[in-house]
Amino acid sequence: MTGLRVLLFDVFGTLVDWRSSLIGIAAAAAAGEGVQADWAPVVDDWRRAYQPALDQARTEATWRDLDTIQRETLASVLAWHHITLSAAAQETLVRGWRQLRPWPDSQAGLDRLRRRHVTATLSNGHLALLADLLRFAGLRVDALLSAQLAASYKPAPEVYRTAVRLLDCPPGEAGMVAAHPTDLIAAAAVGLRPIFVRRPLEWGPGREPDRPPALDGLVDTAGLDQLAEVLDGQRPGCG
């Protein structure tokens, strides 16, 4: 990974644990209204609705932020599960994407990686959401970048191209750090260097985790702490 100057980080699932965080937020919001439900499958279905909704949004003439899209998908998922929540409780869930707990290695790993690299988010979350989330999670990066800046959503190539252009960085000097193969495949297609971070508990225990994509030059790591060691030249990755 010589010549690597910039590290771009996916956020949901890579830096923060969306699933267990949202299950807790949903249970608390529903309890306040006397509603009981098994929130794990509801949250899982909400997350599954995420990418199809973003893919549809990319075809629309006017860009819409993630909060707007998440409100729509949440309403559909709640109806599918026959759960009734007030508008205020639903908004608590939507705003819950700003209160996701970081993975245990995220804070220290980011701080270590910042010593030798320019670090930035590259998320489908819009800037207002990301600012609140990183503040809540105690995560520090050098820049907040979002698909919003390209008026699109990942995995559209213009999202990755816009990020490196704004950082005045050739694609080959930037690494995309993500726990999701589709993100890395799209980034690699425009010349970014793929870095896979394993998050086996993203979808909860007992689930089959994402496997690293077959990409030339892929770095495969078990977390940000190991990634820092790899980039410092101290040890190999998982592969």
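Calculation rules
- Residues numbered from 1 in each chain as written.
- Predicted model: local features only at pLDDT ≥ 70, side-chain atom pairs only at ≥ 80, totals over all residues.
- Heavy atoms only, no water.
- Salt bridge = Lys/Arg side-chain N within 4 Å of Asp/Glu carboxyl O.
- Helix = DSSP H or I, 4+ residues; strand = E, 2+ residues; numbered from the N terminus.
- Buried < 20%, exposed > 50% of the residue type's maximum accessible area, 1.4 Å probe, protein only.
- Pairing = 2+ DSSP bridges.
- Axes fitted to C-alpha atoms, helices over the stretch in contact; angles between N-to-C directions.
- Parallel < 35°, antiparallel > 145°, perpendicular 65-115°, else oblique.
- Left-handed = near helix turned anticlockwise from the far one by under 90°.
- Contact = heavy atoms within 4.5 Å.
- Nonpolar A, V, L, I, M, F, W, Y, C, P; charged D, E, K, R; others polar.

Participant: Break down the pattern of salt bridges for me, citing the residues and quoting the values.
Facilitator: In a structure, side chains of opposite charge can pair up when their charged atoms sit close to one another. Under the counting rule described, the total for this entry stands at 19 salt bridges. The closest approach of N and O atoms between R207 and D44, which form a salt bridge, is 2.7 Å. Taken as a pair, R207 in the loop between β6 (193-197) and β7 (219-221) and D44 in helix α2 (residues 39-48) lie far apart in primary sequence, 163 residues in all. The shortest N-O distance in the salt bridge between R140 and D111 comes to 3.2 Å. Taken as a pair, R140 in the loop between α7 (127-137) and α8 (157-166) and D111 in helix α6 (residues 106-114) lie far apart in primary sequence, 29 residues in all. Of the residues examined, D111 reaches a relative accessible area of 28% and is grouped as partly exposed. Three or more residues joined by partner-sharing salt bridges are found here, namely D10, K154 and D183.

Participant: Would you mind going over the sheet that holds strand β5 (residues 174-178) in detail, with residue names and values included?
Facilitator: One key point about sheets: their strands pair by backbone hydrogen bonds, in either a parallel or an antiparallel sense. With parallel pairing, the 5 strands of this open sheet are ordered in space as β4-β1-β5-β6-β7. Unpaired on one side and paired on the other, β4 (118-121) and β7 mark the two borders of the sheet. Looking at each pair of strands side by side, their axes are set apart by 20° on average, direction ignored. Strand direction decides the pairing type here: β5 and β6, joined by 4 bridges, are parallel. Each residue of the ladder has a partner; that of G175, found in β6, is R193.

Participant: Please set out the packing of helix α3 (residues 50-57) against helix α4 (residues 66-80) residue by residue, giving values where relevant.
Facilitator: Where α3 meets α4, the closest approach of the two axes is 10 Å, and the angle between their N-to-C directions is 125°. With respect to α4, the axis of α3 lies oblique. Crossing handedness for the pair α3 and α4: right-handed. Two secondary-structure elements touch here, α3 through Y50, A53, L54 and A57 and α4 through L66, I69, Q70 and T73. Across the contact of α3 with α4, the residue classes tally to 6 nonpolar, 2 polar and no charged.

Participant: Give me the lowdown on the packing of α4 against helix α5 (residues 87-95), citing residues and values where you can.
Facilitator: Any two packed helices are characterised by the angle at which their axes cross and by the distance between the axes. Closest axis-to-axis distance for the α4/α5 pair is 10 Å, and the angle between their directions is 125°. If you check the angle between α4 and α5, you find them oblique. Handedness of the crossing formed by α4 with α5: right-handed. Contact residues: α4 offers D67, Q70, R71, L74, A75 and L78, while α5 offers Q90, E91, L93, V94 and R95. Residue composition of the contact of α4 with α5, by class: 5 nonpolar, 2 polar and 4 charged.

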